[in-house]
Every structure is written in C-alpha cells, then in structure tokens.
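Remarks on the overall topology
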Amino acid sequence: MAGVSPRRAKGLSREDGDRPKRLWRGEVDAGGSPLAPSRKFDPSHRDILVDPDRARYLDPKAILARFPIRSGDAVADIGSGPGFFTVPIAEVVGHQGRVYAIDVEEPMLEDLRARVAERPELCVTALRSIEDAVPLPDQSVDFAFMACVLHELEGLGTLREASRILRPAGALGIVDWKKIKQKIGPPREHRLTPHEAEELLRRGGFLPKKPFEVGPYHYGLVAQLRWARAPKRAKSRRESSR
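Rules and cut-offs
- Residues numbered from 1 in each chain as written.
- Predicted model: local features only at pLDDT ≥ 70, side-chain atom pairs only at ≥ 80, totals over all residues.
- Heavy atoms only, no water.
- Helix = DSSP H or I, 4+ residues; strand = E, 2+ residues; numbered from the N terminus.
- Buried < 20%, exposed > 50% of the residue type's maximum accessible area, 1.4 Å probe, protein only.
- Areas by Shrake-Rupley, 256 points an atom, 1.4 Å probe, with all protein chains shown as cover.
- Salt bridge = Lys/Arg side-chain N within 4 Å of Asp/Glu carboxyl O.
- Phe/Tyr/Trp six-rings, centres within 6.5 Å; stacked < 30°, edge-to-face > 60°.
- Lys NZ or Arg CZ within 6 Å of the ring centre and 35° of its normal.
- pLDDT = per-residue confidence, 0-100.
- Contact = heavy atoms within 4.5 Å.
- Core = buried A, V, L, I, M, F, W, Y, C linked by side-chain atoms within 4.5 Å.

Re the overall build of the protein chain
Regarding its fold elements, the protein chain presents six helices and eleven strands. By residue count, 48% of the 242 residues in the protein chain fall in the buried class. Carbon together with sulfur atoms contributes 50% to the accessible area of the protein chain, which is approximately 12600 Å² in total.

Some words on the pattern of salt bridges
Here the structure, examined in full by the defined rule, presents eleven salt bridges. Between Lys-61 and Glu-91 there is a salt bridge; the shortest N-O distance is 4.0 Å. Of the two residues, Lys-61 sits in helix H1 (residues 60-64) while Glu-91 sits in helix H2 (residues 86-93), which places them 30 residues apart along the sequence. Of the residues examined, Lys-61 reaches a relative accessible area of 58% and is grouped as exposed.

Describing the packing of aromatic side chains
One pass over the structure, following the stated rule, counts eight aromatic pairs. Here Arg-54 stacks its cationic end above the ring of Phe-84, 4.6 Å away from the centre of that ring.

Quick word on the confidence of the model for the protein chain
When pLDDT is averaged along the protein chain, the result is 82, and 78% of the positions lie at 70 or above. Note that residues 1-30 has pLDDT below 50 and, in this model, 97 contacts with residues that lie over four places away or in other chains. Low pLDDT (under 50) marks residues 32-37, which in the prediction has 14 contacts with non-local residues, meaning those over four places away or in another chain.

Focus: helix H4 (residues 157-165)
Burial runs high along H4: seven of the nine residues are buried. Of the positions making up H4, those classed as buried are Gly-157, Thr-158, Leu-159, Glu-161, Ala-162, Ser-163 and Ile-165.

Examining the environment of Leu-150
Relative to the helices and strands, Leu-150 is located in the loop between strand E7 (141-147) and H4. The buried category is assigned to Leu-150, whose relative accessible area is 1%. With 41 residues separating them along the chain, Leu-150 and Arg-191 place their C-alpha atoms 8.8 Å apart. Ignoring sequence-local partners within four residues, the contact set of Leu-150 consists of Leu-159, Ile-174, Asp-176, Leu-192, Ala-197, Leu-200 and Leu-201.

Observations concerning the nonpolar core
Grouped together as the largest cluster of nonpolar side chains are 32 residues, with contacts concentrated most on Leu-58, Phe-67, Phe-85, Ile-89, Phe-145 and Val-175. Every element with two or more residues in this core is listed here: H1, H2, strand E5 (98-103), helix H3 (106-117), strand E6 (124-128), E7 and strand E8 (166-177). Of the residues forming this core, the biggest block, four residues, is contributed by H2. Counting residues in each nonpolar core, the second largest holds 29 residues, with Ile-78, Leu-136, Met-146 and Ile-165 among its members.

Structure (structure tokens):
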C-alpha cells in the first residue's frame, strides 16, 4: 500500500479477553520496532475472521437482509478477506448472479478459494487488487459491499473505484465498527462514527442514506452514486425542435 513500508510489524489490539494480540500492522524501523500503527488487519490472523463465534455479534445473513441485494445480481465484496460475507452473498444472488471477492491480500483469497471449492454451486470469483485499482470493468456490478473495511482505507481510491464499477442504479453497502472501546475489533482511534463515515462517502462520490444498527458493535449504511441522482438537463426549445 502507498505510504506503508514493505517491512511490517503487527499493530496492537485485543481479542476475546485480556490477553493482547497483535492484529493490526504498521511500519517498522530498521531494527524492527513499530513506528506507526497501520489500519490494515494482519492476514496471518485471518482465521479469526471466519470463526463461527463471530456470527454471534455479526450475523451475515441477518445483516445482508438489510441491504438491496437480489437474486441474479452481480456483487463486488470489496475487502472480502477469507469470505465471511462472500459465501452468504453468493447464496443470495444464486446461480444467475456472481460475487467478485476482492482483497489486497493473497492469503485471504487463497482461504476463500478453498472454502468456495467446497460449494461448487456458488458463483464466486476471487480477485487480487490494490486500493486504487479494483480489477473489474466500468459499470459491471449492481452492488458493492464493504464490511469492516471503510475505517482501514488510506485514501479515497477504493471508494472511487467502487463508484466506477457500479452501474448507475447500483448502491454501496457499508458495515463498520461503532466508535466505542472494546476488547475485540480495531482500536477505537481507527474507527469512524456514522457521521464520519457519511462524510467520507460523500467525498468519495456517494450520497449516503440514514445509518442503521446491524448488531451490538456495528452500524450499516447504504449509499447511492452521487452522479446517478443528478437531474437531467432540460432541453432548450431549439434542441426540442431539431
């Protein structure tokens, strides 16, 4: 990622209890000591992301029911990780739809491909990307989904890419952590309030709707493309008479 050293250390957080785990990565100096925390989740801990216990507070099927995803849709799961939401999305869109699981970390995608191989009826394509370049054509998906990703972004590149790949009537769905102190999830200082998330979405070219709760620790947002809602210019009399 831009601005992040190839040599990384794991950022400090906690997961399930008082024992600290290093789940977020950051830059290191020449001696390997952390310089600054990164907002990126360390993929070496990716098994946590598909732990069945996670569904106790982040139920993917119940959450997806709050978003405009339909059978036959093409969906981009941006920041898919090992597929905690990818598989349930694929179940919703069915065999006439397609889910593009997009992540910057190849180990995440390797685990996802292994999971999907056990479900050949699911239409899932795993794609490696960088933040500023999602490997999909313009206006190729009906819905873009970002779960626990917005707070990790290092700029507007991913949001602008999401707007590029969405069809004019498409929408972006966001799930992210509430800005509270707790023993699980990213550090509080990395998190976004719903208002901060809305402002970031507007800067990225979206018009967010009212946020809603999707569990005890998370909120959801649906956003439409800003330009898709722009009114059409009325024709002048001269144009109308041509």
